[in-house]
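# Structural characterization, general
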Amino acid sequence: MRWDNLAEDPGTGGDSALFGTSAVTTRTFDTPEFRGITFHEVRARSILNRVPGASRMPFEWTVNPYRGCTHACVYCFARRTHSYLDLDTGLGFDSQIVVKVNAPELLRRQLASRRWQGAHVAMGTNVDCYQRAEGRYRLMPGILQALRDHANPFSVLTKGTLILRDLDLLRQAADVTEVGISVSVGFTDPELWRTVEPGTPSPERRLGVVRALTGAGIGCGVLMAPVIPFLGDRPEQLRATVRAIAAAGATSVTPLVLHLRPGAREWFMSWLRAHHPHLVERYERMYAEGAYAPKWYQRRVTRQVHELAAEYGIGPASPRSRRALPEPAAQEAPVTLEPTQLTLL
Ligand code: SF4
């Protein structure tokens, strides 16, 4: 494995040499929850990563305590980042998890630096910080405490119900700084969920998170992503999803159509071949120009979702909530999708 001279993500311009070979401890746990998963514990040298081209994004800095994600979404474009470690971007991404065990102490130190200006920090933008590993490693409480103690604004995007464990900390942080939480729910179809996001909590449970956060006085938006062409984009599917998002009390809904960047594309297409072979040609046509669906299609989905959101009483994301959302809100227009360093959580 290529552990030395590791960049957080060449695409994000992250610090190089985050940790060295000697710092890696590999573990497995023989519990049903973690069977088949290997954890690579590292002591990172840096935890605040600067996002290049941040002018197009609502944030400039990210914190990612993990790499790889057991949520195992077949479309996840963070898969590519596993190749930087010479790890497999398919099943390897789902089961070889890098854990930056010193993330909380490192963050606290970096936030205390005189050079740090207190910029907004986005989490969950590369891989899910509330994936199953977090149940064991418990890195997020220390990270949230550090951000709270420095009154540093932050946002979290997640599919993990584990975030509710940290509700008190989120509330404490929200008392002293700006906190934005977004949950990702692209569809509510249970069959689609089981095959395309096999390691995630169900959409219903994720909407339960939205409900609980809203009930606790912490507004929560929904990133409706990804809307999957030909599988999750029928009008009745969009309606059911937006209706459920509204019923959960989401403060905003932001749709985003599936995109297939290198790394994710190969894995998604092999899944499509196995599960929906009749759609392969249509996908090849739809994504013939690159990673993004045609703009007319993106516009159509966005318009449909916004109309439904208005019907069910969820306004389009306000400037304030867009700032809290660590994903496509960075776009100048909702359907002008530029490459980002963000996954579709
Ligand atoms: S899309 Fe998000 S939740 Fe799914 S595997 Fe990727 S990082 Fe994990």
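The model shown is predicted, which means the values in this text are computed figures rather than measured ones.

## Some words on the nonpolar core
- One finds Tyr-75, Ile-143, Val-210, Val-222, Met-224, Ile-245 and Val-253 to be the most contacted residues of the largest nonpolar core, which totals 86 residues.
- Considering every element that reaches this core, the biggest residue donor is strand β10 (residues 220–227), with six residues.

## Observations concerning the sheet that holds strand β1 (residues 25–28)
- If you walk across this open sheet you meet the four strands as β1-β2-β6-β5, and the pairing is mixed. The sheet terminates laterally at β1 and β5 (66–67), the two strands that pair on one side only.
- Of the pairings in the sheet, the one linking strand β2 (residues 38–42) to strand β6 (residues 96–100) comprises five bridges and is parallel in character. Bridge assignment links His-40 to a residue of β6, and that residue is Val-98.

## Digging into the pairing of β6
- Burial within β6 is extensive, with five of its five residues counted as buried.
- By the alternation rule, side chains of β6 split into Gln-96, Val-98 and Lys-100 and Ile-97 and Val-99, which are all buried.
- Where β5 and β6 come together, two bridges link them in antiparallel fashion. Residue pairing in the sheet places Arg-67 in a bridge with Val-98 of β6.

## Remarks on helix α10 (residues 264–275)
- Taking 1.5 Å per residue as the helical rise, α10 with its twelve residues ought to reach 16 Å, and the 16 Å between its terminal C-alpha atoms agrees with that figure.
- Here α10 has its buried residues at Ala-264, Trp-267, Phe-268 and Leu-272. One side of α10 holds all its buried residues, which, seen down the axis, span an arc of 135°. Relative to its buried face, α10 has exposed residues pointing more than 90 degrees away, namely Ser-270, Arg-273 and Ala-274.
- For α10, the elements touching its buried residues are α1 (79–82) and α11 (280–286).

About the thresholds
- Residues numbered from 1 in each chain as written.
- Predicted model: local features only at pLDDT ≥ 70, side-chain atom pairs only at ≥ 80, totals over all residues.
- Core = buried A, V, L, I, M, F, W, Y, C linked by C-beta atoms within 7 Å.
- Buried ≥ 20, exposed ≤ 12 C-beta atoms within 10 Å, placed from the backbone.
- Helix = DSSP H or I, 4+ residues; strand = E, 2+ residues; numbered from the N terminus.
- Pairing = 2+ DSSP bridges.
- Expected span 1.5 Å × (residues − 1).
- Arc of directions from axis to C-beta.
- Contact = placed C-beta atoms within 7 Å.

No statement about biological role is implied by the geometric values presented.
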